[in-house]
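Chain by chain, the residues:
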Amino acid sequence: MQLARSHGRRTYAAISLLILITVSMLIFYPPSRWGQPGVKPTLSILKVNSVDIPLYGILEIDLNTSRFYENPFDPDEVNITAVINTPSEIIQMPAFYYQNYSRELGGGGETLTPSDGPHWKVMFSPKEIGQYVIRLTLRGGGEAISSDNITFHVHASDNLGF
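Residue positions are given per chain, counted from 1 along the sequence in the order it is written. Owing to the predicted nature of the model, reporting of local features is limited to residues with pLDDT of at least 70; listing and counting of side-chain atom pairs is limited to 80 or more, with chain, interface and lining totals taken over all residues. Excluded from the side-chain calculation are hydrogens and water; included are all heavy atoms of the structure.

Another aspect to go through is the overall build of the protein chain. What counts as a helix is a DSSP run of H or I of at least four residues, what counts as a strand is a run of E of at least two, and both are numbered from the N terminus. Along the backbone of the protein chain there are 1 helix and 12 strands. Tracing the protein chain from N to C terminus, the helices and strands come up as α-β-β-β-β-β-β-β-β-β-β-β-β. Burial classes: relative accessible area under 20% of the type maximum marks a residue as buried, over 50% as exposed, and values in between as partly exposed (1.4 Å probe, protein chains only). Taken over 162 residues, the protein chain has a buried fraction of 25%. Note on areas: these come from Shrake-Rupley sampling with a 1.4 Å probe, and a residue is covered only by the protein chains present in the view. Only carbon and sulfur atoms are counted for the fraction: they give 58% of the accessible area of the protein chain, which is about 10800 Å².

This is the structure in structure tokens:
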């Protein structure tokens with residue numbers, strides 16, 4: 001009987017210690033920092049809608065980073081920029097954090113449900129015909145990295161422009 005009580009107290013003490021360690025980790029080392037110190041972030045291109053874009057059409061690039069950012073809307077914390085070499089100039093354009101939703105109407109209201117995970121997006125509408133090259137650059141957490149070049153071609157179209 002004495003052995004059972006002693007074993008029960010040790011189990012209770014071990015569980016209490018594990019809880020204390022877990023809470024301390026969450027306070028002093030939150031999930032937003034897990035796996036990040038010393039690990040350089042990466043950029044991954046999820047999707048490019050086309051590499052053959054009509055004049056005044058839309059190029060869409062979906063991308064993501066391997067690092068979690070507490071506030072992806074704060075450019076002081078994370079800043080992803082597209083550097084676009086057009087036939088006549090160089091343009092810098094910020095990427096934006098994006099979440100796609102599906103929309104359902106019913107019951108006198110509207111319901112929006114996330115349809116995939118949040119990611120970064122660049123949208124660009126070219127205003128001249130020719131070859132373009134885009135490079136994406138991520139700056140955040142004292143790091144700066146760039147993607148490989150993405151080349152696309154813009155051809156004549158009936159689009160009226162803007």
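Structure's up, so let's keep going.
Let us look at the side chain of Lys121. On the secondary structure map, Lys121 appears in strand S9 (residues 119-124). Whenever a nitrogen or oxygen atom comes within 3.5 Å of another N or O atom, the pair is scored as a polar contact, on the condition that within protein one atom can donate a hydrogen and the other can accept it, and that pairs from neighbouring residues in sequence are kept only if both atoms are in side chains. Within the structure, Lys121 has its side chain in polar contact with the side chain of Glu60 (distance 2.8 Å). Only heavy atoms matter for contacts: two residues are in contact if any of them lie within 4.5 Å across the pair. In this structure, Lys121 is in contact with Glu60, Ile61, Asp62, Leu63, Ala95, Phe96 and Tyr98, ignoring residues within four places of it in sequence.

Examined against the element boundaries, Thr81 turns out to sit in strand S4 (residues 78-85). Within the local environment of Thr81, its side chain forms a polar contact with the side chain of Asn79, the two groups lying 3.2 Å apart. Not counting residues up to four positions away in its chain, the partners in contact with Thr81 are Gln92, Met93, Pro94, Ala95, Arg135, Leu136 and Thr137.

All right, on to the nonpolar core then. In a soluble, globular protein the nonpolar side chains are often hidden away together inside. Ranked by size, the top nonpolar core spans 23 residues in total, and within it Ile61, Leu63, Ile80, Ile134, Leu136 and Phe152 carry the most contacts. Discounting residues that sit within four places of it in the chain, Leu136 has contacts with Leu43, Ile45, Ile61, Leu63, Thr81, Ala82, Val122, Ile145, Ser146, Ser147 and Ile150. As used in this record, nonpolar core signifies buried Ala, Val, Leu, Ile, Met, Phe, Trp, Tyr and Cys residues forming a set joined through side-chain atoms within 4.5 Å.

Turning to the pattern of salt bridges, a few remarks are in order. Here, a salt bridge means any side-chain nitrogen of Lys or Arg that lies within 4 Å of a carboxyl oxygen of Asp or Glu. Taken as a whole and assessed by the stated rule, the structure comprises 5 salt bridges. With its nearest N and O atoms 4.0 Å apart, the salt bridge here joins Asp62 to Lys47. On the criterion of sequence distance, the pair formed by Asp62 in strand S3 (residues 59-65) and Lys47 in strand S1 (residues 43-48) is long-range, its members being 15 residues apart. Overall, the relative accessible area of 49% leaves Lys47 in the partly exposed class. Lys121 is the partner of Asp62 in a salt bridge, and the nearest nitrogen-oxygen pair spans 2.7 Å. Taken together, the positions of Asp62 in strand S3 and Lys121 in strand S9 put the pair 59 residues apart, joining distant regions of the chain. When its relative accessible area of 5% is taken as the criterion, Lys121 is described as buried. One network of salt bridges, with partners in common, ties together Lys47, Glu60, Asp62 and Lys121.

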